[in-house]
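# Observations on chain architecture
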Amino acid sequence: MSQTFVRGACPRLAAPMETGDGLLARIAPSGPMTIDAFAGLCAAAEIHGNGLMEVTARGSVQVRGLSPVSAPLFAA
C-alpha cells in the first residue's frame, strides 16, 4: 500500500507542530552555540518540555514535549 504524506510547515519556535508526545519546536542556530547557551537551552527544554532534544540532519535543534501553555514560555 502506498500513501502520499504531505508535510506541513516547518515546526518553528513561534509555530510548534503537534506530535505524539506533545508539541515540537525546531530551532536553527545562526552559528556556534556556547556551552552556557546550550546548557540554558537544555534547562529550558527540561522545564517546559519533556527534556528530549534532537539534532536534525540539517543542524537544527528540536525540542519535544512542549504544551500549548509551555511553548510560549519556552520561546521566551
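It should be noted that the structure appears before, not after, this text.
Basis of the calculations
- Residues numbered from 1 in each chain as written.
- Predicted model: local features only at pLDDT ≥ 70, side-chain atom pairs only at ≥ 80, totals over all residues.
- Heavy atoms only, no water.
- Helix = DSSP H or I, 4+ residues; strand = E, 2+ residues; numbered from the N terminus.
- Buried < 20%, exposed > 50% of the residue type's maximum accessible area, 1.4 Å probe, protein only.
- Areas by Shrake-Rupley, 256 points an atom, 1.4 Å probe, with all protein chains shown as cover.
- Polar contact = N/O pair within 3.5 Å; in protein donor to acceptor, adjacent residues only side chain to side chain.
- Core = buried A, V, L, I, M, F, W, Y, C linked by side-chain atoms within 4.5 Å.
- Contact = heavy atoms within 4.5 Å.
- Salt bridge = Lys/Arg side-chain N within 4 Å of Asp/Glu carboxyl O.

The helix and strand inventory of the protein chain stands at two helices and four strands. Per-residue burial for the protein chain yields a buried fraction of 29% across its 76 residues. Total accessible area on the protein chain is roughly 5,400 Å²; 59% of this is exposed by carbon and sulfur atoms.

Attention now moves to the side chain of S70. Within the element layout of this structure, S70 appears in helix α2 (residues 70-75). Here the side chain of S70 touches S67 through a polar contact of 2.8 Å, landing on its backbone nitrogen.

A word on the nonpolar core. Membership of the largest hydrophobic core is limited to 11 residues, which are L23, A25, I27, L41, A44, A45, V61, V63, L66, A71 and F74. For this core, the secondary-structure elements that each account for two or more residues are β2 (22-27), α1 (35-48), β4 (61-66) and α2. Not counting the four nearest positions on each side in its chain, A45 is found in contact with N50, G51, M53, V63 and F74.

Turning to the pattern of salt bridges, a few remarks are in order. With the rule as written, the count across this model stands at two salt bridges. Its salt-bridge partner being D21, residue R64 comes within 3.1 Å of it at the nearest N-O pair. Linking R64 in strand β4 with D21 in the loop between β1 (17-19) and β2, this pair joins segments that are 43 residues apart in sequence. Of the residues examined, D21 reaches a relative accessible area of 30% and is grouped as partly exposed.

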